[in-house]
Amino acid sequence: MAATKIIPLILMGCGGVGRQLLQHIVSCRSLHAKLGVHLRVVGVCDSKSLVATSDVSARELNDHFLSEICRVKSESSSLSTLSGFGECQVFLDLELRGKLMEIASVLGHSTGLALVDCSASSETVGVLTSAVDLGCCIVLANKKPLTSSMEDYDKLVSHPRRIRHESTVGAGLPVIASLNRILLSGDPVHRVVGSLSGTLGYVMSELEDGKPLSQVVKAAKSLGYTEPDPRDDLSGMDVARKALILSRLLGRRINMDSIKIQSLYPEEMGPGVMSVEDFMSNGLPLLDKDIEERVRKASQNGNVLRYVCVIDGSRCDVGIQELPKNSALGRLRGSDNALEIYSRCYSEQPLVIQGAGAGNDTTAAGVLADILDLQDLFP
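The name given to the chain in an unreviewed UniProt entry is Homoserine dehydrogenase, and the organism recorded there is Melia azedarach.

**Q** It is not clear to me how the side chain of Arg40 should be interpreted in this structure. Could you clarify?
**A** Within the fold, Arg40 resides in strand S2 (residues 37-45). Despite its burial, Arg40 pairs with no opposite charge; the closest candidate is Glu60, at 6.0 Å N-O. In terms of polar contacts, Arg40 uses its side chain to reach the backbone carbonyl oxygen of Arg59, at 2.5 Å. Not counting residues up to four positions away in its chain, the partners in contact with Arg40 are Ile6, Ile7, Pro8, Leu9, Val56, Ser57, Ala58, Arg59, Glu60 and Leu107.

**Q** Help me out: how do you make sense of the pattern of salt bridges in this one?
**A** Oppositely charged side chains can form a pair if their charged atoms are brought close together. On inspection of all chains with the given rule, the structure shows 18 salt bridges. Salt-bridge contacts for Arg306 lead to Glu208; the nearest nitrogen and oxygen are separated by 2.8 Å. Residue Arg306 is located in strand S10 (residues 303-312), and its partner Glu208 is located in helix H8 (residues 198-208); the two are separated by 98 residues in the primary sequence. What makes Glu208 partly exposed here is its relative accessible area of 25%. When the shortest N-O distance is used, the salt bridge between Asp229 and Arg231 registers 3.0 Å. Sharing partners across several salt bridges, the network here consists of Glu208, Asp209, Arg306 and Arg333.

**Q** What is the right way to look at the sheet that holds S2 in this model?
**A** Paired through backbone hydrogen bonds, the strands of a sheet run either parallel or antiparallel to each other. Taken in spatial order, the seven strands make up an open sheet running S4-S3-S2-S1-S5-S6-S7, and their pairing is mixed. Of all strands in the sheet, those with a lone pairing partner are strand S4 (88-92) and strand S7 (163-164), marking the two edges. As defined by bridge partners, strand S6 (residues 137-140) adjoins S7 across two bridges and the pair is classed as parallel. Residue Val139 lies in a different strand from S7, and its bridge partner there is Arg164. Where helix H14 (residues 360-372) meets the sheet, its contacts fall on strand S1 (5-12), S2, strand S5 (114-117), S6 and S7, and the angle it forms with S2 comes to roughly 120°.

**Q** When you look at helix H5 (residues 125-133) in this model, what are you seeing that I'm missing?
**A** An α-helix turns once every 3.6 residues. As a result, residues three or four positions apart point the same way. When we look at burial in H5, the residues that qualify are Val125, Val127, Leu128, Thr129, Ala131 and Val132. Next to the buried residues of H5 lie S1, helix H4 (93-108), S5, S6 and helix H6 (150-156). Positive backbone phi, at 85°, marks Gly135, one or two positions downstream of H5.

**Q** Just to check I follow, could you spell out the sheet that holds strand S8 (residues 189-195) for this structure?
**A** Read from one edge to the other, the open sheet built from six strands follows the order S9-S11-S10-S8-S12-S13, with strand pairing classed as mixed. Two strands lie at the open edges of the sheet, namely strand S9 (260-261) and strand S13 (351-356), each paired on one side alone. Bridge count for S8 against strand S12 (residues 336-343) is six bridges, and the pairing is antiparallel. Note that in S12 the partner of Val189 across the bridge is Ser343. The strands touched by H8 are S10, strand S11 (315-324) and S12; relative to S10, the strand with the most contacts, the crossing angle is about 150°.

**Q** What is the right way to look at the packing of H8 against helix H9 (residues 213-222) in this model?
**A** Each pair of packed helices gets described by two things: the angle between the helix axes and the distance between those axes. Taken N-terminus to C-terminus, the directions of H8 and H9 make an angle of 140°; their axes are 10 Å apart at the nearest point. One way to sum up the angle between H8 and H9 is to call them oblique. Viewed along their axes, H8 and H9 form a crossing whose handedness is right-handed. On H9, the residues touching Tyr202, Val203, Glu206 and Leu207 of H8 are Leu213, Val216, Ala219 and Ala220.

**Q** Is there a simple way to think about the nonpolar core in this case?
**A** Most often, soluble globular proteins have nonpolar side chains that are buried together. Counting 80 residues, the largest nonpolar core has Ile103, Leu113, Leu115 and Leu246 as the members making the most contacts within it. Setting aside chain neighbours within four positions, we find Leu115 in contact with Ile10, Met12, Val127, Leu128, Ala131, Cys137, Ile138 and Val139. Grouped together as the second largest cluster of nonpolar side chains are 36 residues, Leu9, Ile69, Val116 and Val367 included.

What counts and how
Residues numbered from 1 in each chain as written. Predicted model: local features only at pLDDT ≥ 70, side-chain atom pairs only at ≥ 80, totals over all residues. Heavy atoms only, no water. Helix = DSSP H or I, 4+ residues; strand = E, 2+ residues; numbered from the N terminus. Buried < 20%, exposed > 50% of the residue type's maximum accessible area, 1.4 Å probe, protein only. Lys, Arg positive; Asp, Glu negative; His and termini not counted. Salt bridge = Lys/Arg side-chain N within 4 Å of Asp/Glu carboxyl O. Polar contact = N/O pair within 3.5 Å; in protein donor to acceptor, adjacent residues only side chain to side chain. Contact = heavy atoms within 4.5 Å. Pairing = 2+ DSSP bridges. Axes fitted to C-alpha atoms, helices over the stretch in contact; angles between N-to-C directions. Parallel < 35°, antiparallel > 145°, perpendicular 65-115°, else oblique. Left-handed = near helix turned anticlockwise from the far one by under 90°. Core = buried A, V, L, I, M, F, W, Y, C linked by side-chain atoms within 4.5 Å.

Take a look at the structure:
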C-alpha cells in the first residue's frame, strides 16, 4: 500500500470560515485516510497570536486541541488562553510574524507547508509573498492578497501549481478551476458576467417581488446575510474584489482603480458620515423611490435588475444591470451566485456556473478541496 501523503499546514484566520475548516479537517479524517492523505495542522493564528506545536517537523495540533481552538474563538476569546493546553507554544503580536516565517523556512524546503489564509485581512500579504520564496504552497479564501498591487499578485502566482484560491470567488463553486481549464485549452475568454454577491443577489430578487429596498436590506441584515454594517455589501466593493481577481486571471493587468464600481448608496450616507443605525433608520428609506422606479422600468421591458460584474475586453464594471428575465442571471433567486463565461467554444450559449456562493460551510469545503488538490506537491 502506498505511503500516506502528509500535508503540514498553518491556518491564518479563525473566523467563521477558519473554524469551519478546522471542523471539516477533523470530521474528514477517516475519508482522508482512505485517500492516503493526512492534513497535519502545525499552527493556527488570528490577528494577535499564533499557537503552534512544540515541534513543527514531527508533531501536530491534535483533533481535541483543534476543537478547543474552535470553542475558544467562537466565544471571541484569544488563542493565548490555550497556552497551558497540551504541547503547544503561543506567540504574541511582535513574535507572531517572525515565528510564522521560521516555520515556513523550516518546512517549506523540507516536507513542504501549506499556508491557508481564511482571514479577511490585507496584512497577510507580506507573510504570504515571503512564504512563496521559501517554497510554501498558498491556499486563499481571503480576497485581499490577490487584489493587492500587481507586484504582490505576480509574486503570489509566480508558481501557479503552488497556489489555490477557488474560494475567493463564489465560495465553493468551481469558478477559478473552470476558467483555468478553458484558458489552458487555448480557448480565449472574451466576456464574463457574474452575480457574485449572495447578499446583493438576495436583495435584487426580493426587489423584483415589489418590496422596498429599505425593508429588504433590514430583512437581509436580520437573517445574517449582510455584514454588521450592510453598506460593506451595498458599496459593491466585495463584488469588485472578485471581479479584479477574475480580470487578472484572464490576463488583464489592472488595479482596483480601473474598475467602475456603482454603490447602492450615495457618499453622503457613507460610514464616515452616518452611523449604521442612522443609515438603517433614516438613510435607506430615502433610496426606496429611485430603485422602485428602476425595477418598474425593467419589468416593463421584460427584464429584471441584477447587481453584476461585467468583464468585456479591457472593460470591467460592477453595478446594477437590466437583464432578460429568462436569462441564467435573470432567473436567479435568493443568495445563489451565477457566472456566465463566453469564449470561442461558448459563444452562442455561455458556460453557466451556478449554486450557493456564500456561507462558511460552503466556503470552508472549497478551501479543504483546494488543500487536497496540492497533495502531489508533498512527499
